[in-house]
Amino acid sequence: MAGEDELKLLGTWASPWVSRVKLALHLKGLSYEYVEQDLDNKSDLLLTSNPVHKKVPVLIHNGKPICESVVILEYIDEAYGTTGPSLLPTDPYERAIARFWVDYIDQKLVIPWKVAFTADGEEEKTEGIKQMLAVVQTLEGALKECSKGKPFFGGDSVGYVDIALGGLLAFLQGTEELCGTKPFDIANTPLLLAWVERFTALDAAKVALPDVTKLVEFAKTKRLRI
C-alpha cells in the first residue's frame, strides 16, 4: 500500500508540531515530500488544504489533507498500521492513557512555556516557569508509570507520547537560554533527562528535530517581533 501512496507534508522547519509529524513518518519508514511554508506569505496550497486554521502541519495523502499534529499522528498509525512500529498501544485502556498524556502535554506544558517565553513582566515570566516546571515534574511520574522501567513512554519502543513530547524537545532544550531555566535536571527529573538522551540519539530525531542553536536564534528574533 505505502509504495503506491503519495505523502506530502506542509510545514515550517522550526515548528514543533511539524517535528512531531516528521518523527512519526520517519519512525514508520515512510517516504514523503516536504514542502516548506512561509507563514508570512501563506501559499494557496496551505490555504486550500487547511482553510479553517490556515496553519501547519498539513499532511496530504493522495490529495486529501489532514490537519493538526495529534490528528495526523493517529491517522498515520491507522492508515499505515502494518508498516513499521505501532505508535499507539493496541490495548484500549493504554491507548486512552496515552491520549490523556498527549493532551496534558499540549494543554499544560505548552501554554506556560509560551507565557514564560513571551512575558512582558518578570512576575508573569516567573509564574509561567513555575507552572512549566510543575508540569515537567508530573511528566516525570508519567514516564515512570507508562514505561514500566523500559526506555520510553511507549515501553521498549517509541510511542505516541514520546513523539508528542519529543517534537517539543528542541524548544525545551533551548529553554535555559530563552527563559533562564532548565526544564530537565538530574535532581528533579532523572528519568526524563535520561529519556531525552535516548530520544535525541534516535535516527528519526536526528532527521526530524531542528538544530537547537539555530532554533534559539530564530526564537529570539521572533520574540522581538511580538
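Per an unreviewed UniProt entry, the chain carries the name glutathione transferase and comes from Aegilops tauschii subsp. strangulata. Taken verbatim from the UniProt record of the chain, the Sequence similarities (unreviewed entry) comment is "Belongs to the GST superfamily."

Draft legend 1. Quick look at the pattern of salt bridges. Throughout the structure, instances matching the rule amount to seven salt bridges. Between Lys 8 and Glu 33 there is a salt bridge, with its nearest N and O atoms 3.9 Å apart. Of the two residues, Lys 8 is situated in strand β1 (residues 7-11) and Glu 33 in strand β2 (residues 33-36); the sequence distance between them amounts to 25 residues. In this structure Lys 8 comes out as partly exposed when scored by relative accessible area, which is 21%. In this structure Glu 33 comes out as partly exposed when scored by relative accessible area, which is 42%. Salt-bridge contacts for Glu 177 lead to Lys 220; the nearest nitrogen and oxygen are separated by 2.7 Å. Of the two residues, Glu 177 is situated in helix α8 (residues 175-179) and Lys 220 in helix α11 (residues 212-225); the sequence distance between them amounts to 43 residues. Each of Glu 177, Glu 217 and Lys 220 takes part in one network of salt bridges that share partners.

Draft legend 2. Structural view of the domain arrangement of the chain. Taken domain by domain, the chain holds domain 1 (7-80) and domain 2 (92-224). For domain 1 and domain 2, the distance between their C-alpha centres works out to 21 Å. On the domain 2 side, the residues contacting the 14 residues of domain 1 number 23 residues. The largest per-residue losses of area from domain 1 upon contact with domain 2 belong to Trp 13, Arg 20 and Leu 23, which jointly make up 36% of the total buried on that side. At the boundary of domain 1 and domain 2, one finds two salt bridges. Among the secondary structure elements, those contributing two or more residues to the side of domain 1 that touches domain 2 are α1 (16-28) and α3 (69-79). The leading source of residues in the side of domain 1 that touches domain 2 is α1, at nine residues. By residue class, the composition of the side of domain 1 that touches domain 2 is nine nonpolar, two polar and three charged.

Draft legend 3. Representation of unusual backbone geometry in the model. Here the residue pair Val 56 and Pro 57 is connected by a cis peptide bond, since its omega of 5° sits within 30 degrees of zero. Within the element layout of this structure, Pro 57 appears in the loop between α2 (44-49) and β3 (58-61). Notably, Lys 54 is not glycine yet its phi reads approximately 60°, a positive angle. Along the chain, the position of Lys 54 falls in the loop between α2 and β3. Positive phi values are uncommon outside glycine, yet Glu 68 reaches one of about 80°. Secondary-structure assignment places Glu 68 in the loop between β4 (64-67) and α3. Using a relative accessible area of 33% as the deciding quantity, one classes Glu 68 as partly exposed.

Cut-offs used in this document
- Residues numbered from 1 in each chain as written.
- Predicted model: local features only at pLDDT ≥ 70, side-chain atom pairs only at ≥ 80, totals over all residues.
- Heavy atoms only, no water.
- UniProt positions renumbered as here; feature names shortened; annotations may be inferred.
- Salt bridge = Lys/Arg side-chain N within 4 Å of Asp/Glu carboxyl O.
- Helix = DSSP H or I, 4+ residues; strand = E, 2+ residues; numbered from the N terminus.
- Buried < 20%, exposed > 50% of the residue type's maximum accessible area, 1.4 Å probe, protein only.
- Domains from an automatic or database assignment.
- Contact = heavy atoms within 4.5 Å.
- Buried area = accessible area lost by both parts, 1.4 Å probe.
- Nonpolar A, V, L, I, M, F, W, Y, C, P; charged D, E, K, R; others polar.

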